[in-house]
Amino acid sequence: MSLVQVNFMSKQLLRTVTFNAIIPLDSLSEDEVKKKRATPLKTLYLFHGIFGNNTDFLSGTRIQRWAEERNLAVIMPSGDNHFYLDKPDQDDNYSSYVADELVAFTRSMFPLSHKRDETFIGGLSMGGYGALINGLKFSDRFGYIGAFSPALLIDHLAPDEDQGIEMGLKPGYLDNVFGGIDTVKNSDKDYFYLIDQLIAAGKDIPKIYLPIGKADFLLEYVREFKAFADEKLLDMTYIEDEGAHEWDFWDKYTEKFLDWLPLEKI
């Protein structure tokens, strides 16, 4: 198992960025490595939550051990506090970075699969929203989405809403990070809209895994999405379990998400 930290110049963000990668190859013999390189690694792009960075899942969960057990590559970028969205007027194109540029860069650097059904995207809280949005936007690239306690706030956003304050943000922050609250609906920041567009186009929607704690402050918002997903007959595994917006819950459901993915333990 190799744990690698990489810095490279992002054209989408116009600055040097950092990501961590778990690459399960170094414990193998030379012949085994050659064999596995002939069968590229299934890959999970995994997004942290608000106030986090590319180290969060390494310190908050046992993802490194679980990835090794399943021969899974895991790519963990930093999304800062920008909800993994594009803001072209500010050169903060986080969506294009994490779901396009980063995928291309890591595939050129590591022996990763290029197949849609072997490429996964996931995250927690802010990262759960980012995984859902980008998994839908780039549905030709990602076959499976994991959204843990996702920040599905778009129907309740306003420049002075309490949601941002409850998340530890200043009033108006979410209005800024979304590029104006009034621009969100019926845009590529709107998961309802993206799903409707995929359905209208007859395109395959990625399978979704969505766990949420019964004591999570986002629960009612997530239930609204669950009702929409049921109405649209989405292939979604939805779970409400004991727990809050906390690492004990995310550690538990990171492993369960990996068990849900088409992976085999070795």
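For the structure itself, look to the data block above.
Here the structure is a predicted model, which is why all the values come from computation and not from measurement.

**What about helix α3 (residues 63-70)?**
By the burial criterion, the buried members of α3 are I63, W66, A67 and R70. For α3, the arc enclosing every buried residue in end-on projection is 100 degrees, short of the 170-degree limit, so these residues lie on one face. Contacts made by the buried residues of α3 are with β2 (15-23), β3 (42-47), α2 (56-60), β4 (72-77) and α10 (247-260). A positive backbone phi angle near 55 degrees is found at N71, which sits one or two residues after α3.

**Some remarks on the packing of helix α5 (residues 126-137) against helix α8 (residues 191-200)**
Two numbers describe how α5 lies on α8: the axes approach to 9 Å, and their chain directions differ by 25 degrees. Taken together, the axes of α5 and α8 lie roughly parallel to each other. You can see that α5 and α8 cross each other, and the crossing is left-handed. Here Y129, L132, I133, L136 and K137 of α5 come into contact with α8, specifically with Y191, L194, I195 and L198.

**Notes on the pairing of β3**
For β3, the buried fraction is high: 5 of the 6 residues fall into the buried class. In this sheet, β4 lies alongside β3 in parallel orientation, the contact comprising 4 bridges. Within β4, the residue paired with K42 across the bridge is L72. As paired strands, β3 and strand β7 (residues 119-124) are joined by 5 bridges and run parallel to one another. Bridging from a neighbouring strand, Y45 pairs with I121 of β7.

**Considering the environment of D235**
In this structure, D235 sits in the loop between α9 (219-231) and β10 (236-241). Owing to a relative accessible area of 45%, D235 belongs among the partly exposed residues under this scheme. Each residue touching D235, except ones within four places of it in the same chain, is listed here: P206, K207 and I208.

**What about the sheet that holds β7?**
Reading across the sheet, the 8 strands line up as β1-β2-β4-β3-β7-β8-β9-β10 and stay open at both edges, with mixed pairing between neighbours. Looking at which strands have only one partner, the edges of the open sheet turn out to be β1 (2-10) and β10. Put simply, the sheet's adjacent strands are angled 15 degrees from each other on average, direction ignored. Relative to β10, strand β9 (residues 207-213) runs parallel, the two being bridged by 6 bridges. From the neighbouring strand, P211 faces β10, where its bridge partner is I239.

**Notes on α10**
The end-to-end C-alpha distance of α10, which contains 14 residues, comes to 19 Å, matching closely the 20 Å that a straight helix rising 1.5 Å per residue would cover. Buried within α10 are the following residues: F249, W250, D251, Y253, T254, F257 and L258.

**With respect to the pattern of salt bridges**
Counting across every chain of the model gives 16 salt bridges. In this structure, D259 and R70 form a salt bridge, with 2.6 Å as the shortest nitrogen-oxygen distance. Here D259, found in helix α10, pairs with R70, found in helix α3; they are 189 residues apart in sequence, far enough to count as distant. In this structure, D188 engages K137 in a salt bridge whose closest nitrogen and oxygen atoms are separated by 3.3 Å.

**Considerations on the packing of aromatic side chains**
Two aromatic rings are characterised by how far apart their centres lie and by the angle between their planes. Inspection of the entire model under this criterion finds 24 aromatic pairs. Where F148 meets F257, the ring centres are 5.4 Å apart and the plane angle is 75 degrees; that geometry is what we call edge-to-face. One end of the pair, F148, is in strand β8 (residues 144-148); the other, F257, is in helix α10, with 109 residues separating them in the sequence. Judged by its relative accessible area of 0%, F148 falls in the buried class. In this structure F257 comes out as buried when scored by relative accessible area, which is 0%. For the pair F249 and Y253, a centre-to-centre distance of 4.8 Å together with 35 degrees between the ring planes defines the contact as tilted. Placement of both F249 and Y253 in helix α10 is noted, with a separation of 4 residues, approximately one turn of the helix. Considered together, F249 and Y253 belong to a single accessibility category, that of buried residues.

**Remarks on the pairing of β9**
In terms of burial, β9 is a largely internal element, 6 of the 7 residues being buried. Inspection of the sheet shows β8 paired to β9 by 3 bridges, in the parallel sense. Across the sheet, residue I145 finds its bridge partner in β9, namely I208.

Conventions adopted
Residues numbered from 1 in each chain as written. Predicted model: local features only at pLDDT ≥ 70, side-chain atom pairs only at ≥ 80, totals over all residues. Heavy atoms only, no water. Buried < 20%, exposed > 50% of the residue type's maximum accessible area, 1.4 Å probe, protein only. Helix = DSSP H or I, 4+ residues; strand = E, 2+ residues; numbered from the N terminus. Arc of directions from axis to C-beta. Contact = heavy atoms within 4.5 Å. Axes fitted to C-alpha atoms, helices over the stretch in contact; angles between N-to-C directions. Parallel < 35°, antiparallel > 145°, perpendicular 65-115°, else oblique. Left-handed = near helix turned anticlockwise from the far one by under 90°. Pairing = 2+ DSSP bridges. Expected span 1.5 Å × (residues − 1). Salt bridge = Lys/Arg side-chain N within 4 Å of Asp/Glu carboxyl O. Phe/Tyr/Trp six-rings, centres within 6.5 Å; stacked < 30°, edge-to-face > 60°.

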